[in-house]
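Chains, contacts and geometry: an overview
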Amino acid sequence: MIFKCKNCGGNSVYSPEKKRMYCPFCESENSEERQYEHARMQICPNCGGEVSYTEHTSALQCPYCENYIIFDERIEGAYAPGRIILFKLSKENVKELIRDKFRKCTFAPTDFLSEARLNTITGEYIPFWIYNYDARCRFQGEGVKRRTWVTGNTEYTETSYYHVVRDMNIDFQGIPADASVKMPDEIMDLLEPYNYGEMIPFRPEYMSGFLGEKYNMAAEIIENRAHAKMESSAATILQQSIKGYSSLKPAYRNIAAPSPDTEFALLPVWVYRYIYKEKEYPFYVNGQTGKIIGSTPVSKAKVWAYGATLWACLTIALVLIAVIIM
Amino acid sequence: MENDFKREARKQYWLFFRFWFIGIGILAVTATVMAMAQNTTRFVRERQNMQAPSERVYDYANVLTDAEEDKLRELIAEKEALIGCDLVLVTMEQPVEGVEAKETYGYRFADWESNMQDIADDFYDNHFFGYDAPYGDGALLLDNWYEGQEGTHLSTCGKVFDKFGDREIDRALTCVDDYIDSDPYSAYSASILYITEVMSGEKTGLGSVFLLLILIVPIAAAGTFTGTHLRSKEGKITTTATTYIEGGRPVMNVQRDDFVRKHVSQRKIQTSSSSSGGGGGRGGAHVSSGGHSHGGGSHRR
């Protein structure tokens, strides 16, 4: 489907700034209507141009007429997202964020922040499985406290032993794991957290203006990632609840959780694929919070030259200081 | 296009290091001005004491040739002006040990070291040596060549006394020991040069610390800089253990810390009293028979 403006026939898109549907051609708001529902996927229903897509693509932009096309069958039925976090930052906001962050990056290539390059940023709705665990942590062990004091020329050490018991329930809500093969897992983890308070029920028009994917794999297949996050958090909380001991000897420790509740959601990510010397340097920006993940390409020659200059400057400065004070 | 990037890169480079370059410029000018000022002031420190004789080399043992004596006088004159201390060399060939010597020469003691010290101190005091005033800044090297009682004593006074600890005295005397058998002239001049080196400044202590700083600090800083910029990080983790916990905290069903038992052990503390010496000046402090403060030490061969 394509969302068309009732007033001018232009492509109506969701505007993060206005927080509603918007036609960039006639500037009408909330004037969208669905057209070309359940159209064939190979060609653009608007201009007839051939579009390229993958087995997971659910939304794309036609390279010819630049209309945003949403594939109905990939957002319906089993693939219907339960909820969505909308893009809160517009493309202009994100360009500004990237400029601010990397302005002082001396070693980035000179065109890294150029307008032309930054305009290639795309907003993508990434499929995520969200897991809720009702975990139970139990611990039993021996804790030791040591106290030392000195009277006269004798040092006393008091060693006290405690029986330590912990039993707690931890209600984990919304541990995310991305269900997209093309998105690197560790990068998606670094983009966290999202504010789930702003998660709302999914509607197709929210995708107009952005790229998107259906989930690439089922919830059970990537559940181990969420489970590992849950277990590591639970272990930390358990550890934090046992304080004040010099040493701790565990006798029994167990972190268990029944199968989690899952939900399919779309989360917003801005992607800047910068290419330098034929290598791609992708940058990812959390479309809700603005957190930026990615590292700029570094000119090694430049770094070495700066390092050598710094060394020379410091040496000369210290020698001169030595001459002055001696 | 390529040229634009190069120009831009050069501009960035100058901008990045501008404060460094300006700072170094200021330091260089300061250092030059100070060096010039020092050159004009360094050698004009006037000798204040006019009571002492101008002779510095008393070769009673006759171990130096006339030419060597003159060379030593020259050396001493040059170094005295530099460090503002009198440097006196006395050689002798006379018994200083035993009851017989004590009676013959009227010493206060019968032992070698006390008498060497007395002779050196008295010689210094009786000739009113001292660069700033009589009994003032200076050092006297006394070398005895009497067979079986050979050895050297260094008597320090004034600021040499303040500066010379046991370690420095020992090293000044070792300079004599190293050459005395083959070449007395070299032995005495080495000792005088060592005294000059210590007195002429902070060179020995502070110099090595600074040299170390100059070698290590820039390498460490440049290494850290290069290392951190070559390895760029993608981002920081901003989730915590409680990010996804409903209400931010767990529900505690059981939290018990039951005391089971305790025991107390005790240990005697070993007290050790050790003192460390050396360094810091005023080595071998004493008062001479004339009532003036001296320092010093001896090496017997």
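Here is a short report on the structure shown in this document. (Residues numbered from 1 in each chain as written. Chains lettered and ligands numbered in written order. Predicted model: local features only at pLDDT ≥ 70, side-chain atom pairs only at ≥ 80, totals over all residues.)

**Remarks on the interface of chain A and chain B**
If you look at the interface, chain A gives 64 residues, while chain B gives 62 residues. A total of 22 residues in the side of chain A that touches chain B trace back to one element, the largest contributor, which is strand β9 (residues 154-178) of chain A. Within the side of chain A that touches chain B, the residues separate by chemical class into 35 nonpolar, 21 polar and eight charged. (Contact = placed C-beta atoms within 7 Å. Helix = DSSP H or I, 4+ residues; strand = E, 2+ residues; numbered from the N terminus. Nonpolar A, V, L, I, M, F, W, Y, C, P; charged D, E, K, R; others polar.)

**Some points on the pairing of strand β5 (residues 57-61) of chain A**
Residue and element names in this part refer to chain A. The pairing of β5 with strand β11 (residues 211-213) spans two bridges and is antiparallel. Note that in β11 the partner of A59 across the bridge is G212. As paired elements, β5 and strand β6 (residues 68-70) share three bridges and run antiparallel to each other. Across the sheet, A59 pairs through a bridge with I70, a residue of β6. (Pairing = 2+ DSSP bridges.)

**Brief notes about the packing of helix α6 (residues 166-179) of chain B against helix α7 (residues 184-199) of chain B**
Residue and element names in this part refer to chain B. Where α6 meets α7, the axes come as close as 7 Å, and the angle between the chain directions of the two elements is 155°. The orientation of α6 with respect to α7, classified from their angle, is roughly antiparallel. Between α6 and α7 the crossing geometry is right-handed. Contacts between α6 and α7 involve E168, R171, A172, C175, V176, D178 and Y179 from the first element and S186, A187, Y188, A190, S191, Y194, I195 and V198 from the second. Across the contact of α6 with α7, the residue classes break down as ten nonpolar, two polar and three charged. (Axes fitted to C-alpha atoms, helices over the stretch in contact; angles between N-to-C directions. Parallel < 35°, antiparallel > 145°, perpendicular 65-115°, else oblique. Left-handed = near helix turned anticlockwise from the far one by under 90°.)

**Quick word on helix α5 (residues 300-325) of chain A**
An α-helical segment advances 3.6 residues per turn. Residues three or four places apart therefore align on the same side. Here α5(A) is 26 residues long and its end C-alpha atoms lie 37 Å apart, about the 38 Å a rise of 1.5 Å per residue gives. For α5(A), the complete set of buried residues consists of A:Y306, A:L310, A:L314 and A:L320. (Expected span 1.5 Å × (residues − 1). Buried ≥ 20, exposed ≤ 12 C-beta atoms within 10 Å, placed from the backbone.)

**With respect to the sheet that holds strand β4 (residues 151-157) of chain B**
Strand pairing in a sheet relies on backbone hydrogen bonds. The paired strands run either parallel or antiparallel. Residues and elements named next belong to chain B. Strand order in the open sheet formed by six strands is β1-β2-β3-β4-β7-β6, and the pairing between neighbours is mixed. Looking at which strands have only one partner, the edges of the open sheet turn out to be β1 (57-59) and β6 (286-287). The pairing of β6 with strand β7 (residues 293-300) spans two bridges and is classified as antiparallel. In the sheet register, V287 faces β7, and the bridge partner there is S293.

**What to know about the environment of A:E73**
Residues and elements named next belong to chain A. Locating E73 in the fold gives a position in the loop between β6 and β7 (83-85). Exposure remark for E73: the 11 C-beta atoms within 10 Å place this residue in the exposed category. For the pair E73 and M1, spaced 72 residues apart in sequence, the C-alpha separation works out to 9.9 Å.

**Things to note about α7(B)**
The end-to-end C-alpha separation of α7(B) is 23 Å, in line with the 22 Å expected for 16 residues at 1.5 Å each. Contacts made by the buried residues of α7(B) are with α2 (66-83), β2 (86-92), β3 (138-144), α5 (159-163) and α6 of chain B.

**Describing the environment of B:E68**
With respect to the secondary-structure elements, B:E68 resides in helix α2. Taking the C-alpha atoms as reference points, B:E68 and B:S189, separated by 121 residues in sequence, lie 10.0 Å from one another.

**Regarding the packing of α2(B) against α7(B)**
Residue and element names in this part refer to chain B. Contact pair α2 / α7: the axes reach a minimum separation of 10 Å and the direction vectors enclose 5°. Of the possible angle classes, the one that applies to α2 and α7 is roughly parallel. Contacts between α2 and α7 involve E68, L72, L75, I76, K79, L82 and I83 on the former and, on the latter, Y185, Y188, S189, I192, T196 and M199. By residue class, the composition of the contact of α2 with α7 is nine nonpolar, two polar and two charged.

**Structural notes on the pairing of β2(B)**
Residues and elements named next belong to chain B. Burial analysis of β2 places six of its seven residues in the buried class, the great majority of the element. Sheet topology places β1 next to β2; three bridges connect them, and they run parallel. Note that in β2 the partner of Y58 across the bridge is V90. Once you follow β1 into α2 and on to β2, the crossover reads as left-handed. Pairing of β2 with β3 involves seven bridges; the strand directions are parallel. Within β3, the position partnered with L89 by the bridge is L141. (Right-handed = clockwise from strand over helix to strand, strands pointing away.)

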